[in-house]
Amino acid sequence: MQVLDRAFDIAREKNYKIVFPENNDNRIIEAANFIMKEKLAEIIWLDDCEVTSDHITSILKLRPNIKKGIAEKLIKKPLYFAGSILSTGQADVLIAGASNSTKRVIEAASFTVGVSPKVNNISSYFLMLSPDNREYIFSDCAVNAFIDEEILKDIAINASRVAEKLLGYSKIALLSFSTLASGDGDSVKMVRTVYEILKEQGYDVFGPIQGDAAVVNKIAKTKGIDYDGNLNVFIFPSLDAGNISYKLCQSLGNFKSYGPFLQGFNKPVCDLSRGATTDDIISSSVLTLASI
């Protein structure tokens, strides 16, 4: 059973609640109707909700320097209202981005939902399915234009958690143009440092490792790395590398890709592509539900 099928089963079993702030978009309406019909989740519409002091407080807790009057103005914006609904527990998942930019979705979630205490940095991941049914998490491919050791560590931790949830296990490949000590440079040093940190924290991690070695164990062995099974969490040393790689896999390798999904918030937030189809919205919603 592939990950999307498993996600549908999990969603039906859990019966979570989704808040859709973009309720004037026909794609969202169609997706929500399908989700309700198939009993995958309950839908929270903003038109059916009233602003309360708890919603405003969700902003003031995270931004104590903001005046109450400003918080009251922000809460009137659909993304902020939806984020506060998620924050107060009225919904389990926030799905947005069909008609809003990633930047706006992240800003609203940062003001209302907040970043998980386990990490300091938000990132994103794509679920990648190969033609021969292998499943991978690619991260970060959409958010962090600048990456340092701290950010790379958080990206890997976030992606590892998602892999455990969606794929059943996490084996991390910290990708580089170098395997182990075959090359040198600032990016290799960064990857090597993060490898040492994650290894010490108990993660099943390998790196620095080149792309071919991360996919084929025989190649990895010739370069001094040996691992059991398949590595399934691919962490890229830059946004350039991640974004280029997932698009090439999609365009040349006939991979199916789902995402980007945001990771690192206190509660699940999904950022849809503004070009998303109804089917994309359904799949993204269900995968987000399964990642809780």
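Residues numbered from 1 in each chain as written. Predicted model: local features only at pLDDT ≥ 70, side-chain atom pairs only at ≥ 80, totals over all residues. Heavy atoms only, no water.

A.B. asks: What am I meant to see in the packing of aromatic side chains here?
C.D. replies: Aromatic ring pairs are defined here through the distance separating the ring centres and the angle between the ring planes. By the definition in use, this model includes 10 aromatic pairs. Both rings, one in Tyr136 and one in Phe138, keep their centres 6.4 Å apart while their planes meet at 55 degrees; by these two values the pair is tilted. Grouping residues by exposure puts Tyr136 and Phe138 together as buried. Among the aromatic side chains, those forming a connected cluster through ring pairs are Tyr136, Phe138, Phe234, Phe236 and Phe255. (Phe/Tyr/Trp six-rings, centres within 6.5 Å; stacked < 30°, edge-to-face > 60°. Buried < 20%, exposed > 50% of the residue type's maximum accessible area, 1.4 Å probe, protein only.)

A.B. asks: Help me understand the environment of Ile157, please; the structure alone is not making it clear to me.
C.D. replies: Here Ile157 is to be found in helix H7 (residues 149-167). Taking relative accessible area as the criterion, Ile157 reaches 13% and is therefore assigned buried. Here the alpha-carbon distance between Ile157 and Asp132, two residues 25 residues apart in the chain, equals 27 Å. (Helix = DSSP H or I, 4+ residues; strand = E, 2+ residues; numbered from the N terminus.)

A.B. asks: Before we go on, may I ask you to explain the nonpolar core in this structure?
C.D. replies: One broad rule of soluble globular proteins: the nonpolar side chains tend to lie buried together. Within the largest apolar cluster, 55 residues are counted, with the highest numbers of intra-cluster contacts made by Ile18, Phe20, Leu174, Ile235 and Leu287. For this core, the element with the highest residue contribution is H7, accounting for 10 residues. Contacts of Leu287, omitting those with residues within four sequence positions, involve Val3, Leu4, Ala7, Leu127, Leu166, Tyr258 and Phe261. Ranked by size, the runner-up nonpolar core spans 28 residues in total, among them Tyr80, Phe81, Ala96 and Val113. (Core = buried A, V, L, I, M, F, W, Y, C linked by side-chain atoms within 4.5 Å. Contact = heavy atoms within 4.5 Å.)

A.B. asks: Explain the pattern of salt bridges here, please?
C.D. replies: If the charged atoms of two oppositely charged side chains come close together, the side chains can form a pair. Per the counting criterion, the structure on display carries eight salt bridges. With its nearest N and O atoms 2.7 Å apart, the salt bridge here joins Asp25 to Arg27. By relative accessible area, Asp25 is classed as buried at 14%. A salt bridge links Asp212 to Lys223; the nearest nitrogen and oxygen atoms lie 3.6 Å apart. With a gap of 11 residues between them, Asp212 in helix H9 (residues 211-215) and Lys223 in the loop between helix H10 (217-222) and strand S8 (233-235) connect regions that are remote in the sequence. Put simply, Glu150, Lys153 and Asp154 are held in one network by salt bridges that share partners. (Salt bridge = Lys/Arg side-chain N within 4 Å of Asp/Glu carboxyl O.)

A.B. asks: What is the right way to read the side chain of Ser110 from this model?
C.D. replies: Mapped onto the secondary structure, Ser110 falls in helix H6 (residues 102-112). On the accessibility criterion, Ser110 (16% relative accessible area) is buried.

A.B. asks: Would you explain the packing of helix H5 (residues 78-87) against H6 in this entry?
C.D. replies: To characterise two packed helices, one gives the angle between the axes of the helices and the distance between these axes. Two elements in contact, H5 and H6, have axes separated by 8 Å at closest approach and are oriented at 45 degrees. In this view, H5 runs oblique relative to H6, as classed from their interaxial angle. Seen from above, H5 lies across H6 with right-handed handedness. Across from Leu79, Tyr80, Gly83, Ser84 and Ser87 in H5, the residues of H6 making contact are Arg104, Val105, Glu107, Ala108, Phe111 and Thr112. Each residue belonging to the contact of H5 with H6 can be placed in one class, and the counts come to five nonpolar, four polar and two charged. (Axes fitted to C-alpha atoms, helices over the stretch in contact; angles between N-to-C directions. Parallel < 35°, antiparallel > 145°, perpendicular 65-115°, else oblique. Left-handed = near helix turned anticlockwise from the far one by under 90°. Nonpolar A, V, L, I, M, F, W, Y, C, P; charged D, E, K, R; others polar.)

A.B. asks: Would you take a moment to explain the pairing of strand S2 (residues 41-45) for this structure?
C.D. replies: It is a general feature of regular strands that their side chains alternate between the two faces of the sheet. Burial analysis of S2 places four of its five residues in the buried class, the great majority of the element. Pairing of strand S1 (residues 16-20) with S2 involves five bridges; the strand directions are parallel. Residue pairing across strands places Tyr16 opposite Ala41, the latter belonging to S2. Traced from S1 through helix H2 (residues 26-37) to S2, the parallel crossover comes out right-handed. (Pairing = 2+ DSSP bridges. Right-handed = clockwise from strand over helix to strand, strands pointing away.)

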